[in-house]
Amino acid sequence: MRSEQGADATRRRRGGWLLALAILAGAGGAYAWYGREHAAPKPAARAPAPVPVTLARVEQGPLPVVLGGLGTVQAYNTVQVRTRVDGEILKIGFREGQVVKKGDLLAQVDPRPYQAALDQAKAKKAQDEANVKNARADLERYTKLGDYASRQQTDTQSATVNQLTAQIAGDQAAIDNAATQLSYATIQAPINGVTGFRLIDVGNIVNAAQQTAIVTITQVEPIFVVYTAPEDQLGEVMRALAAGPVPVEAWSSDGMAKLSEGRLDLINNQVDVATGTIRLKASFTNKDHALWPGVSVSTKTRTGTIPGAVTIPDDAVQHGPNGLYAFVVDDKSRAHMQPITVGRATDGRTQVTKGLSPGQTVVWRGQSRVQEGALVAEAKPAATAHQADNAALASSEAR
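Every residue gets a number counted from 1 within its own chain, in the order that chain's sequence is written. Where local features are concerned, this predicted model is filtered to residues with pLDDT of at least 70; where side-chain atom pairs are given and counted, the filter is 80 or more; whole-chain, interface and lining totals use all residues. Calculated side-chain values reflect all of the structure's heavy atoms, with hydrogen atoms and water omitted.

A. Representation of the overall build of the chain within the structure. Numbering goes from the N terminus for both helices and strands, where a helix is a DSSP run of H or I of at least four residues and a strand is a run of E of at least two. For the chain, the count of helices and strands is 5 helices and 20 strands. Each residue is assigned to one of three classes by its accessible area relative to the maximum for its type, calculated with a 1.4 Å probe on protein chains only: buried under 20%, partly exposed between the two thresholds, exposed over 50%. For the chain, the proportion of its 399 residues judged to be buried stands at 31%. We call two residues in contact whenever any of their non-hydrogen atoms come within 4.5 Å of each other. Here the analysis covers contacts within the chain between residues at least 6 apart in sequence; of these, 76% occur between residues at least 24 apart. Carbon and sulfur atoms provide 54% of the accessible area of the chain, an area that totals close to 25,300 Å². Surface exposure here means Shrake-Rupley accessible area, sampled with a 1.4 Å probe, where a residue is shielded only by the protein chains that are shown.

B. Spotlight on the environment of Thr-195. Note that Thr-195 resides in strand E7 (residues 193–195). Sequence separation of Thr-195 and Val-100 is 95 residues, and the distance between their C-alpha atoms is 7.2 Å. What Thr-195 contacts, discounting residues up to four positions off in sequence, is Phe-94, Arg-95, Glu-96, Gly-97, Gln-98, Val-100, Val-215, Thr-216 and Ile-217. Counting of polar contacts relies on pairs of N or O atoms within 3.5 Å, with two restrictions inside protein: one atom must be capable of donating a hydrogen and the other of accepting it, and residues adjacent in sequence are counted only when both atoms are side-chain atoms. Here Arg-95 takes part through its backbone oxygen, which lies 2.9 Å from a polar atom of the side chain of Thr-195.

C. Structural view of the side chain of Asn-286. Secondary-structure assignment places Asn-286 in the loop between strand E12 (277–284) and strand E13 (296–313). The buried category is assigned to Asn-286, whose relative accessible area is 1%. Among residues more than four places away in sequence, those in contact with Asn-286 are Val-220, Glu-221, Ile-223 and Leu-291.

D. Molecular detail of the sheet that holds strand E5 (residues 105–109). Judged by pairing direction, the sheet is antiparallel, and its 4 strands sit side by side in the order E6-E5-E3-E8 without closing on themselves. Strand pairing shows two members of the sheet lacking a second neighbour, strand E6 (186–188) and strand E8 (205–206), which therefore form its edges. Two strands qualify as a pair provided DSSP detects at least 2 bridges between them. Summarising the sheet, strand E3 (residues 87–92) and E5 pair through 3 bridges and their orientation is antiparallel. If you follow Lys-91 over to E5, its bridge partner there is Gln-108.

E. Local environment of empty space enclosed by the protein. Cavities and pockets are defined on a 1 Å grid built over the protein atoms alone: a cavity is a set of grid points where a 1.4 Å probe fits but cannot escape, while a pocket is an open set with protein on both sides within 12 Å along at least five of seven lines, and lining residues are those with an atom within 4 Å of any such point. Grid points are joined across faces, edges and corners, and a volume is the space filled by probe spheres set on the points. In the structure shown here, the tally under the stated rule is 1 cavity of 30 Å³ or more. Within this model, the largest cavity holds a volume of roughly 40 Å³. Taken together, Leu-67, Gly-68, Gly-69, Tyr-227, Ala-229, Gln-233, Val-237, Leu-280, Thr-299 and Thr-301 make up the lining of the largest cavity. Only strand E2 (59–81), strand E9 (215–230) and E13 provide two or more residues apiece to the lining of the largest cavity. Take the lining of the largest cavity: its biggest share by element is 3 residues, from E2.

F. Structural view of the nonpolar core. If you look at the biggest cluster of nonpolar residues, it comprises 24 residues, and the most contacted ones within it are Ile-89, Leu-106, Val-109, Ile-187 and Ile-217. Among the secondary structure elements, those contributing two or more residues to this core are E3, E5, helix H2 (112–145), helix H3 (151–184) and E9. Beyond its immediate chain neighbours, meaning those up to four positions away, Val-109 contacts Thr-83, Val-85, Asp-86, Gly-87, Glu-88, Ile-89, Leu-90, Ala-185, Ile-187 and Val-206. Counting 21 residues, the second largest nonpolar core, distinct from the first, contains Val-220, Val-248, Ala-282 and Val-297. Put simply, a nonpolar core is a bunch of buried Ala, Val, Leu, Ile, Met, Phe, Trp, Tyr and Cys residues held in one set by side-chain atoms that sit within 4.5 Å of each other.

G. Fine view of the pattern of salt bridges. By convention in these notes, a salt bridge is any Lys or Arg side-chain nitrogen within 4 Å of a carboxyl oxygen on Asp or Glu. Enumeration over the complete set of coordinates arrives at 11 salt bridges. Between Asp-265 and Arg-263 there is a salt bridge, and its shortest N-O distance comes to 3.6 Å. Residue classification places Arg-263 among the partly exposed positions, given a relative accessible area of 47%. By sharing partners, the salt bridges in this structure join Lys-124, Asp-128 and Asp-171 into a single network.

H. Expanded view of unusual backbone geometry. Omega for the bond connecting Glu-221 with Pro-222 falls within 30 degrees of zero, at -5°, which places this linkage in the cis form. Counting through the fold element by element, Pro-222 comes out in strand E9. We note that Asn-286 has phi near 55°; this positive angle belongs to a residue other than glycine.

Right, here's the structure in full:
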């Protein structure tokens, strides 16, 4: 009897545990279902951020027609100063690299032999002048004697006077020559310019036959630039030169700095058939000596102006598999590829002959991340962005 009661108690305890487990399982399932039904909604997908770019307007206005070229600076005049007489150099009157004026003393050759020759020629003339004076007196006396003097005596004396007169003319020529030789002993600058290295020192003997120059002078005010242009531009340049002065700018060889402004002076009389180019010469006042003989420069020759040209920045022009294009930004700030045809390019702007209209907006810089239909926005300038970052940092530190 007692054993049966124990078995009943065990069954009741087991049934209680099973009931508790069933209740817990039902509660967990209900909680999971409730969580799924009432879970927080997922956030919507974020729209892609606009691509930062630099924008520019399509403009319309006059566009200069400028032809580029490469050239070399040449001195307006170059003179190798040599002696024209023989002698010892007594003095050097210039410094190397000095700017000299025409007539300035460059060197002094010993003038004493040439001064002596001049004095001798003057003395000879004085002697002959005295002789001709005496001969004229004798001729006058013979003429006054009339029939008392023979005709032969009169004719002979007349010939003597003429001979001595001619000799005086020869004496004057000798004096002029001696004076010229004496002047050559003082070597002067023949042109305005800049001296180079001194090639003769004081004490050296120089002679007119030697090939060594005393110094070389180059004239740099004004100065020339000789450059080339393709032969297909010859007609355009000739028309511009016939219409009036053609402005030419000389820039550094890397094209970064403008050195001087001048004008076109000459178109060479033939085309170089080997290179297909024509040589041009432009002159520059060069008061600041920005141009120097032998320097390589790039040139810009302005041959005219295109009125009402539609232009965009050079960097806005892109090269694609189907040709040239530009990204045009619509009123919703989305970029679209627009095929274009271009013409001249001057001073950072390119003429668009087909594909764009004045007032449109194009992507100037930053095209590498732009695709068809992409949302774009004007990039924040670097200075402004830096200031904004500093302001945000200061605000966070204050908090």
